[in-house]
Amino acid sequence: GENVEQHPSTLSVQEGDSAVIKCTYSDSASNYFPWYKQELGKRPQLIIDIRSNVGEKKDQRIAVTLNKTAKHFSLHITETQPEDSAVYFCAALNSGGYQKVTFGIGTKLQVIP
Amino acid sequence: EAGVTQFPSHSVIEKGQTVTLRCDPISGHDNLYWYRRVMGKEIKFLLHFVKESKQDESGMPNNRFLAERTGGTYSTLKVQPAELEDSGVYFCASSQEREDRTEAFFGQGTRLTVV
């Protein structure tokens, strides 16, 4: 089965700095990689995703890169703000058919004002 | 559109008791998933329903856990009898496959504490 490793587990940055979270996956059949943000006491919400036929995707201050050969993908947050503080989960799955999502362990991001 | 709802939001029970968690997926979503996050660890897959059928229950930890999905609508997850290690946050998610997306929408979770 799929195995997703995520690091770091905690990350503190100063407001305005960039934050990078990295994940690796093991199953070469995985082709869809969503990122979820979970604020304290709230549900995990999809913030960005990328498919294996794309190397990079950007949405305002958030970007995700994918290296399919090396089986790793990263989340980049630029110009961080206090409201970016949350736990971020990377995930991988094979979107062909009905498949379960395998999550990383989560990264607790703290943006210091 | 209503999101995925879970009930209860919190539950504290004693070891050996029974607890039933409920999940109402987004209307029309065939796929329903249960996940669990134990403190500080990853969100782990428990099982997957397609409509009323169990598609994959490989993540269910043992036979103390029983999941059902009545008529392909809401789902329940029963833990009987509960053990201390069952404590954690139980998430439900639902999705509907589309060509352009495979997004799973999550509920807010049920925090289960077994004492």
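Notes on the structure follow.

Conventions used here
- Residues numbered from 1 in each chain as written.
- Chains lettered and ligands numbered in written order.
- Predicted model: local features only at pLDDT ≥ 70, side-chain atom pairs only at ≥ 80, totals over all residues.
- Heavy atoms only, no water.
- Pairing = 2+ DSSP bridges.
- Helix = DSSP H or I, 4+ residues; strand = E, 2+ residues; numbered from the N terminus.
- Axes fitted to C-alpha atoms, helices over the stretch in contact; angles between N-to-C directions.
- Buried < 20%, exposed > 50% of the residue type's maximum accessible area, 1.4 Å probe, protein only.
- Contact = heavy atoms within 4.5 Å.
- Buried area = accessible area lost by both parts, 1.4 Å probe.
- Salt bridge = Lys/Arg side-chain N within 4 Å of Asp/Glu carboxyl O.
- Polar contact = N/O pair within 3.5 Å; in protein donor to acceptor, adjacent residues only side chain to side chain.

## Observations regarding the sheet that holds strand 3 (residues 19–24) of chain B
Residues and elements named next belong to chain B.
- Pairing is antiparallel in the open sheet, where four strands are placed in the order 1-3-8-7. Of all strands in the sheet, those bounded by a partner on one side alone are strand 1 (5–7) and strand 7 (65–69). Between one strand axis and the next, the sheet turns by 15 degrees as a mean value, whatever way the strands run.
- Two strands pair when backbone bridges link them, and strand 7 and strand 8 (residues 75–79) are joined in this way by five bridges, in the antiparallel orientation. Among the inter-strand pairings, R69 is bridged to a residue of strand 8, identified as S75.

## Quick notes on the side chain of S11(B)
All names here are of chain B.
- With respect to the element layout, S11 can be found in strand 2 (residues 10–13).
- Owing to a relative accessible area of 13%, S11 belongs among the buried residues under this scheme.
- Residues within four places of S11 in sequence aside, it is in contact with V19, R111, L112 and T113.

## Points about the sheet that holds strand 8 (residues 72–77) of chain A
All names here are of chain A.
- Strand order in the open sheet formed by five strands is 1-3-8-7-6, with antiparallel pairing between adjacent strands. Where the open sheet ends on each side, the last strands, each with one partner, are strand 1 (4–7) and strand 6 (56–59). For this sheet, the mean angle separating the axes of adjacent strands, direction not counted, is 15 degrees.
- Relative to strand 7 (residues 62–67), strand 6 runs antiparallel, the two sharing four bridges. Each bridged residue has a counterpart across the sheet, and for D59 the counterpart in strand 7 is I62.

## Observations regarding the interface of chain A and chain B
- Between chain A and chain B, the contact holds 22 residues from the first and 27 residues from the second.
- Together, the buried faces of chain A and chain B total about 2000 Å²; carbon and sulfur atoms form 55% of this surface.
- Inspection of the chain A/chain B interface yields zero salt bridges.
- Between chain A and chain B we count five residue pairs in polar contact (both at pLDDT 80 or more) in total.
- Residue assignment for the side of chain A that touches chain B shows that the elements contributing at least two residues are strand 4 (32–38), strand 5 (45–51) and strand 9 (86–92) of chain A.

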